[in-house]
Amino acid sequence: MDTGLILLVFLALLFAWLLNKVRRFFRLSPVAYGGVMVVFVVAMLLIWGQQHS
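- In the annotation of an unreviewed UniProt entry, the chain is listed under the name DUF3309 domain-containing protein and assigned to Microbispora bryophytorum subsp. camponoti.

## What about the UniProt feature "transmembrane region" (unreviewed entry) in the chain?
So, point 1. Under the UniProt annotation, "transmembrane region" (unreviewed entry) lies at residues 31-49.
So, point 2. Secondary structure within residues 31-49 divides into 100% helix and 0% strand; the distance between the first and last C-alpha atoms comes to 27 Å.

## Some thoughts on helix 2 (residues 30-51)
So, point 1. With 22 residues, helix 2 should reach 32 Å at 1.5 Å per residue; the first-to-last C-alpha distance of 32 Å fits that figure.
So, point 2. Where helix 2 is buried, its residues touch helix 1 (3-26).

## Structural notes on the packing of helix 1 against helix 2
So, point 1. Remark: helix 1 packs on helix 2, axes separated minimally by 11 Å, with the N-to-C direction vectors making an angle of 160°. One element, helix 1, and the other, helix 2, form an angle in the roughly antiparallel class. Crossing hand, helix 1 versus helix 2: right-handed. Together, Gly4, Leu5, Leu8, Leu11, Ala12, Phe15, Ala16, Leu19, Asn20 and Arg23 of helix 1 and Tyr33, Val36, Met37, Phe40, Met44 and Trp48 of helix 2 make up the contact between the two elements.
So, point 2. Split into classes, the residues belonging to the contact of helix 1 with helix 2 amount to 13 nonpolar, 2 polar and 1 charged.

## Here we look at a nonpolar patch on the surface
So, point 1. Together, Leu7, Phe10, Leu11, Leu14, Trp17 and Leu18 make up a nonpolar patch on the protein surface, roughly 590 Å² of accessible area in all.
So, point 2. Relative to the helices and strands, Phe10 resides in helix 1.

About the cut-offs
- Residues numbered from 1 in each chain as written.
- Predicted model: local features only at pLDDT ≥ 70, side-chain atom pairs only at ≥ 80, totals over all residues.
- Heavy atoms only, no water.
- UniProt positions renumbered as here; feature names shortened; annotations may be inferred.
- Helix = DSSP H or I, 4+ residues; strand = E, 2+ residues; numbered from the N terminus.
- Expected span 1.5 Å × (residues − 1).
- Contact = heavy atoms within 4.5 Å.
- Axes fitted to C-alpha atoms, helices over the stretch in contact; angles between N-to-C directions.
- Parallel < 35°, antiparallel > 145°, perpendicular 65-115°, else oblique.
- Left-handed = near helix turned anticlockwise from the far one by under 90°.
- Nonpolar A, V, L, I, M, F, W, Y, C, P; charged D, E, K, R; others polar.
- Patch = residues over 30% accessible without salt bridge, like charges linked within 9 Å, V, L, I, M, F, W, Y side chains within 5 Å.
- Areas by Shrake-Rupley, 256 points an atom, 1.4 Å probe, with all protein chains shown as cover.
- Salt bridge = Lys/Arg side-chain N within 4 Å of Asp/Glu carboxyl O.

Written as structure tokens, this is what we have:
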């Protein structure tokens, strides 16, 4: 497995944990939380894909 991909997975988990804390503070709806996660995952996949092309 690529070390860059492992790092991205770790960053995604850290981002999700921090976003959950922020979501509770700002009282975001589950739909808004899901939207932010989808945008983050797509952005990370695009960044990872650019590094491997």
